Amino acid sequence: MTRRLHLLAAASANTLGLLLASSALAQQSLPTIDVGGARGPARQGPSAPRPVGPARVAASTPAPAPVSAPSAPPGFSPRKLELPVYRDPTGQTFTTVSGKNFVNQPLVTVRELLQYSPGVSFKMGNGPRDVVISIRGSSARNGFGVRNIVMLEDGFSVTQPDGLSRTDLTDPHAYAGVDVYRGPSSALFGNFANGGAINFRTRTGAEIDGVEIGSEFGSFGYLNNFTAIGKKTENVDIAIFASDVRGDGWTLHNRYDTQTVNATARWQVTPNDLLTFKFIHNQLYGDLSSRLSLNQYYNNPFQVGCYVIPPLGSSTPGGYLARSYCGGAFVPLNGLNGSGGAGYQTTAYLAGFNRNDRRDVLGLRWEHDFDANTKWRTQVIYDDKNIIQPTGATAALQDEPAVNASTDITQIGTLGGYEARHFAGLYFNRTRYTSYTNNTLPVGNGATGALQSKQNAMMQNLGARGREEVALSKDLTMVLGLSAEMTKIAALQDQFTYVTNGPALGQIATWRGIPVNKTYWNFGPEASVTWQATPELRTRFRASSGYGTPNPGQLFVTSQGRPGANVDLKTQRNTGIDIGFDWNPDETLTFSLTGFHEWYQDEQLTQSPGAGLLNYTFNAPGSVHRGVETQADWRPLDGWRVLANYTYNNQIFTDFTETLGTATQTGYFNRAGYKIPGVAPHNATARLAYDHPHGDFKGLGAFVEYNYQSSYFIDNGNVLTIPGYGLVNANVHFDREIDNSWPLKHFTAYFEVRNIFDNNWVASANNISNTVALVNGLVVQNGYFQLAQFGTGSIYAGNPRLFQGGVKFKF
């Protein structure tokens, strides 16, 4: 840790030295840029701060100003100064994805929006919209949900205090755009922002301006009926979105049914006071199929016919064959865990694995302008997650209410005579819950047996953050930021085993209580320089850090995938450097390139010990993440558009010795230099689109899209490789304003074919544990065959060729 802090301190010192030198150089030698009249000197006194003005109710967010021809230092344009600091932070490696680019296509999950941000990758989680989002591989080792990223919606946090976010509550039709913050970002977002952050922005009432109804439908029973209602009056703006989504899925036992309501209201109480109300509700029921081994995936990717698996030793023909084609979970036959009890290899269909979840988020924000240059923001959030999840050999039942409060102040002024924006804030979040883990019964609709463990837990985070953005010249801006945070976890897990036969059947045989009381202190510094080298070219250098503490759930799962003690898990920390540029030579082309190098200490890695078992987490003492991100948006001819991005991600262990053993002997395997599992080195997305710009056929368009992901390892020993894929999608659409007095204002229709060539591909692969055998008295790592056949609990297949379409009407 000390070495990493010294590295960041040195980087910050070098940055400051570079700033002072660059400031003098910029004022002496950089060309003067005159746009629309003369500009005063960059070094301005206290009387020259830029007024931010009172908040404007529901004005649609302005489009990002082009990099070319700046009239203010980076980060100090009137548009930027009106936004909250978190919205488009100067110096941050940052992408905004506009929802307008995707209004003419089916939107099933947030992947359709986020796939055009470089650095972002995806895999299927546990449910129809449960997308595991990764920034630079941050959540690639996670089996469900989103970790190591802080997620927000309209500035309200939807990451619970234990660091888990889920995309089940996000219907992509609700959003005007998405902001993606790449790289370590704890200075601004606190705990769990190792990989960065994502802010989903809903449409305002002014943007909706009426009633919009739509319906999407397609293969495998997909149906999404949705509506958006919005209006702005003189001082009130209200936007409400609701949807009902159903489908059967392309894998056996994957039916789903989910409803979402998302409402935002803004009330300009006085010229200096703005209240924002936020409400999100999501109800989900989804059947859940079993994850497969690699061989099972190759043999039967969609788990056709996997209703029952004959018992081991059964003389039923095809018993062994069934295990090569179907996933399952080994559960106690009578629902009692303990020695001597009979077990049964059930299937997801037979046991009825499912998720039955509810999520409610309520938020309130007050923004007050003390004067034209000083804004105070305070917000509180209540977030309740209620889950019933018999998803494998065990079932989780939990109600997790959480509170989140923050307050901050932003002032436009000066620092040492330089134009500056000051920011300081405090934040607190807390959750307390009781979680039950029951054995799953082999038959039933998620029926459960005896209680295996009970966890009472409290987790809270208390922190402070500050930030200075200083315009050293008309072309050069420095940013310094710091967060300090205390995290406390207090938990007790009770574990039970039972008498599995005889007259005392069902009585508790053993009980064990595991207490945890931990406090973690973390600091997240950040420094960046943004230089407008020419009117068309903006360059940036950033040194930053991130941290992510363990959560209570991780502290109570052993390497065998069972409830138990894992209380030595440490906070993961990363220190990173980003160097990049944004080039905007004219209004038809935007191009960006970023290189990054991040050093991790005690990186938390999660993997599956087998089908139906709980994923467990461990620390790798040292690792390195490095790569390149690039993005292009090009409009070569009227009506034509090319969107493309590419990410190279090279992640390796630098200090990690893994301990694996047999029943009688232990082996030690040095993983230094090995690839970190779960991270694909290459990801790319490209789209070629044409929309007829005028005339009778205005609004008629089409596009062809290509998604590529390279192969990658899913075990620490780099034995088992998940195959890469390349998918081609095609879309045709019609989008037209209605130019008459009809109540109908706008009509949209679209049709899409996904995976045109019907390729088999892996949509999700959880990391698996390496296994060993005793050979001639030595502990030897098993090879490809054993992992491919018996490394279960890993893979979900992606969709085959499917057809989807939709219509939207706006009144």
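Owing to the predicted nature of the structure, the values given are computational and were not obtained by experimental measurement.

## A few points about the overall build of the chain
Within the chain one finds nine helices and 39 strands. Expressed as a percentage of the 811 residues in the chain, the buried residues total 58%. Taking the contacts inside the chain whose residues are at least 6 apart along the sequence as the reference set, 68% of them involve residues at least 24 apart. Of the roughly 31,100 Å² of accessible surface on the chain, 61% is carried by carbon and sulfur atoms.

## Side note on the packing of aromatic side chains
We describe a pair of aromatic rings using the distance from one ring centre to the other and the angle between the two ring planes. According to the stated counting rule, one finds 18 aromatic pairs in the structure shown. On the basis of an interplanar angle of 65 degrees and a centroid distance of 5.0 Å, the ring pair of F94 and Y181 is categorised as edge-to-face. Placement of the pair is F94 in strand β1 (residues 93-98) and Y181 in strand β6 (residues 175-182), with a sequence separation of 87 residues. Each member of the aromatic cluster is reached from another via a ring pair, and the members are Y616, F618, F653 and F656. One Lys or Arg, R136, reaches over the ring of F596 and ends 4.1 Å from the middle of that ring. Note that R687 overlies the ring of F703, its terminal NZ or CZ placed 3.7 Å from the centroid.

## Examining the pattern of salt bridges
Overall, the coordinates contain 38 salt bridges when judged by the stated rule. Residues D168 and R166 are paired through a salt bridge, measuring 3.5 Å at the closest nitrogen-oxygen approach. Here D168 and R166 have matching classes, each one buried. Here the residues in one salt-bridge network are D130, R166, D168, R355 and D357, joined through shared partners.

## A word on the environment of R626
Along the chain, R626 falls in strand β25 (residues 616-634). For R626, a relative accessible area of 30% corresponds to the partly exposed category. Between the C-alpha atoms of R626 and I652, which are 26 residues apart in sequence, the distance is 9.0 Å. Every residue in contact with R626, bar those within four places of it in the chain, is listed here: F596, H597, Y648, N649, N650 and I652.

## Let's talk about the pairing of strand β16 (residues 374-390)
For strand β15 (residues 354-371) and β16, the ladder comprises 15 bridges, and the chain directions are antiparallel. Along β16, the bridge assignment pairs N356 with I388. Between β15 and β16, which pair antiparallel one after the other, the connecting turn spans two residues. Alignment of β16 against strand β17 (residues 394-415), held across 17 bridges, turns out to be antiparallel. The residue bridging I388 from the neighbouring strand is L397, located in β17.

## Brief notes about the sheet that holds strand β4 (residues 149-153)
In spatial order, the strands read β1-β6-β7-β4-β5; together these five strands make up an open sheet with mixed pairing. The open sheet has two edge strands, β1 and β5 (156-157), and neither has a second partner. Note that β1 and β6 share six bridges and pair antiparallel. Of the residues in β6, the one forming a bridge with T96 is D179.

## Some thoughts on the pairing of strand β29 (residues 682-691)
Along any regular strand, the residues point their side chains to alternate faces of the sheet. As judged from the nine bridges shared by strand β26 (residues 640-655) and β29, these two strands associate in the antiparallel manner. Residue pairing in the sheet places A644 in a bridge with A686 of β29. Summarising the sheet, β29 and strand β30 (residues 700-709) pair through nine bridges and their orientation is antiparallel. Paired with A684 across the two strands is Y708, which belongs to β30.

## Side note on unusual backbone geometry
For D154, which is not glycine, the phi dihedral falls at a positive 55 degrees. Here D154 lies in the loop between β4 and β5. When its relative accessible area of 7% is taken as the criterion, D154 is described as buried. Although it is not a glycine, D758 sits at a positive phi angle of roughly 55 degrees.

## Brief notes about the nonpolar core
Of all hydrophobic cores here, the largest spans 34 residues; its most connected members are L114, I133, I198 and F200. Of all the secondary structure elements, the ones that give two or more residues to this core are α3 (111-114), β2 (120-124), β3 (131-135), β4, β6, β7 (196-202), β9 (222-232) and β10 (236-247). When neighbours within four sequence positions are excluded, I133 is seen to be in contact with V110, L114, V120, S121, F122, S138, S139, G145, V146, I149, T167 and I198. One finds L294, A680, I714 and I722 within the second-largest nonpolar core, a separate group that totals 17 residues.

## Regarding the side chain of N104
Mapping N104 onto the fold places it in the loop between β1 and α3. You can call N104 buried: its relative accessible area is 13%. Ignoring any residue separated from it by four or fewer positions in sequence, one finds N104 in contact with N731, H733, D735, T748 and Y750.

## Quick look at a nonpolar patch on the surface
On the surface, V211, I213, I229, I238, I240 and F811 cluster together to form a nonpolar patch covering roughly 450 Å² of accessible area. Secondary-structure elements contributing two or more residues to the nonpolar patch are β8 (210-218) and β10. If you trace the backbone, I240 turns up in strand β10.

## Topic: the confidence of the model for the chain
Confidence in the prediction of the chain, expressed as mean pLDDT, is 89, and 89% of residues score 70 or more. Of the regions scoring below 50 in pLDDT, residues 1-69 engages in 122 contacts with residues more than four places distant in sequence or in other chains.

## Quick word on the environment of S165
Locating S165 in the fold gives a position in the loop between β5 and β6. A sequence separation of 20 residues divides S165 from G145, and the C-alpha atoms of the two residues are 5.8 Å apart. In this structure, S165 is in contact with G145, V146, I149, M151, V158 and T159, ignoring residues within four places of it in sequence. A polar contact of 2.5 Å, which involves the side chain of S165, links it to the side chain of T159.

## Quick look at the environment of G205
Of note, G205 is situated in helix α5 (residues 205-208). Residue classification places G205 among the buried positions, given a relative accessible area of 0%. Note: C-alpha distance between G205 and A239 (34 residues apart in sequence) is 4.5 Å.

Each value, and the rule that gives it
Numbers given to residues run from 1 along each chain, matching the order in which its sequence is written. Predicted model: local features are reported for residues with pLDDT of at least 70 only, side-chain atom pairs are reported and counted for 80 or more only, and whole-chain, interface and lining totals are derived from all residues. Note that the side-chain values use all heavy atoms of the structure and ignore hydrogens as well as water. Note on conventions: DSSP H or I runs of at least 4 residues are helices, E runs of at least 2 residues are strands, and numbering of each starts at the N terminus. The rule is simple: take the accessible area with a 1.4 Å probe, protein chains only, and divide by the maximum for that residue type; under 20% is buried, over 50% is exposed, in between is partly exposed. Here, two residues are considered to be in contact whenever any of their heavy atoms come within 4.5 Å of each other. The method behind every accessible area is Shrake-Rupley, applied with a 1.4 Å probe, and residues are considered shielded solely by the protein chains displayed. Planes of paired rings set the category: under 30 degrees apart is stacked, over 60 is edge-to-face and the rest tilted, where pairs are Phe, Tyr or Trp rings (Trp by its six-membered ring) whose centres lie within 6.5 Å. Any Lys NZ or Arg CZ found within 6 Å of a ring centre and within 35 degrees of that ring's normal is scored as a charge over the ring. Salt-bridge detection follows one rule: a side-chain nitrogen of Lys or Arg within 4 Å of a carboxyl oxygen of Asp or Glu. Strand pairing requires that DSSP identify at least two bridges connecting the strands. Residues belong to a common nonpolar core when they are buried Ala, Val, Leu, Ile, Met, Phe, Trp, Tyr or Cys residues joined through side-chain atoms within 4.5 Å. In this analysis, a patch consists of residues with relative accessible area above 30% that form no salt bridge, clustered at 9 Å for like charges and at 5 Å for the nonpolar side chains Val, Leu, Ile, Met, Phe, Trp and Tyr. Residue-level confidence of the predictor is summarised by pLDDT, bounded by 0 at the bottom and 100 at the top. Counted as a polar contact is a pair of N or O atoms within 3.5 Å, where, for protein atoms, one must be capable of donating a hydrogen and the other of accepting one, and residues adjacent in sequence contribute only when both atoms are in side chains.

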